[in-house]
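# Structural overview for review
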Amino acid sequence: MRRERISKPANIKVEITKIRIKMENPDQAKVSFRQSYRADSLTKRTSKTLMMRKTEGKWFIEQELTDR
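Residues numbered from 1 in each chain as written. Predicted model: local features only at pLDDT ≥ 70, side-chain atom pairs only at ≥ 80, totals over all residues. Heavy atoms only, no water.

For the protein, mean pLDDT is 90; residues scoring 70 or higher make up 85% of the total. Helix α1 (residues 2-7) is the least confidently modelled element of the protein, averaging 66 in pLDDT, while strand β1 (residues 13-25) averages 97, the highest of any element. (pLDDT = per-residue confidence, 0-100. Helix = DSSP H or I, 4+ residues; strand = E, 2+ residues; numbered from the N terminus.)

Residue placement: Gln35 occurs in strand β2 (residues 28-39). The contact partners of Gln35, leaving out residues within four places of it in the chain, are Val14, Glu15, Ile16, Lys44, Arg45, Thr46 and Lys48. (Contact = heavy atoms within 4.5 Å.)

Note that Lys30 resides in strand β2. The exposure class of Lys30 is partly exposed, given its relative accessible area of 34%. Along the backbone, Lys30 and Leu50 are 20 residues apart, and their C-alpha atoms lie at a distance of 5.9 Å. (Buried < 20%, exposed > 50% of the residue type's maximum accessible area, 1.4 Å probe, protein only.)

Once that is clear, we can look at the nonpolar core. Core analysis: the largest hydrophobic core is formed by 5 residues, namely Ala29, Val31, Phe33, Leu50 and Met52. Looking at this core element by element, the count peaks at 3 residues for β2. (Core = buried A, V, L, I, M, F, W, Y, C linked by side-chain atoms within 4.5 Å.)

Topologically, Ser36 is positioned in strand β2. With residues up to four places along the chain from it excluded, the contact list for Ser36 reads Lys13, Val14, Glu15, Lys44 and Arg45.

Once that is clear, we can look at the pattern of salt bridges. Under the counting rule described, the total for this entry stands at 3 salt bridges. Among the ionic pairs, Lys48 bridges to Glu64, the shortest N-O distance being 3.0 Å. Taken as a pair, Lys48 in strand β3 (residues 42-55) and Glu64 in strand β4 (residues 58-67) lie far apart in primary sequence, 16 residues in all. On the basis of relative accessible area, Lys48 is assigned to the buried category, the value being 16%. (Salt bridge = Lys/Arg side-chain N within 4 Å of Asp/Glu carboxyl O.)

Taken together, Lys18, Arg20, Lys22, Lys30, Arg34, Arg38 and Arg45 make up a surface patch of like positive charges. Put simply, the parts of the chain that give the positive patch at least two residues each are β1 and β2. Mapping Lys22 onto the fold places it in strand β1. Judged by its relative accessible area of 52%, Lys22 is exposed. (Patch = residues over 30% accessible without salt bridge, like charges linked within 9 Å, V, L, I, M, F, W, Y side chains within 5 Å. Areas by Shrake-Rupley, 256 points an atom, 1.4 Å probe, with all protein chains shown as cover. Lys, Arg positive; Asp, Glu negative; His and termini not counted. Charge placed at Lys NZ, Arg CZ, Asp CG, Glu CD.)

Shown next as structure tokens:
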């Protein structure tokens, strides 16, 4: 039953709202937002914060925090 549930194709929709970016310094940023996730049988809203770091000219996620 579990195998069928996780292998079955699902209609997935992810929306991001209330995006806020705070530059901690030129190479570090804190990005906060609300994420709404919808799949066939699951709906979830979560607040997330990403700690981003710029390395060699590219931004990378250093840490992801979730408020449930």
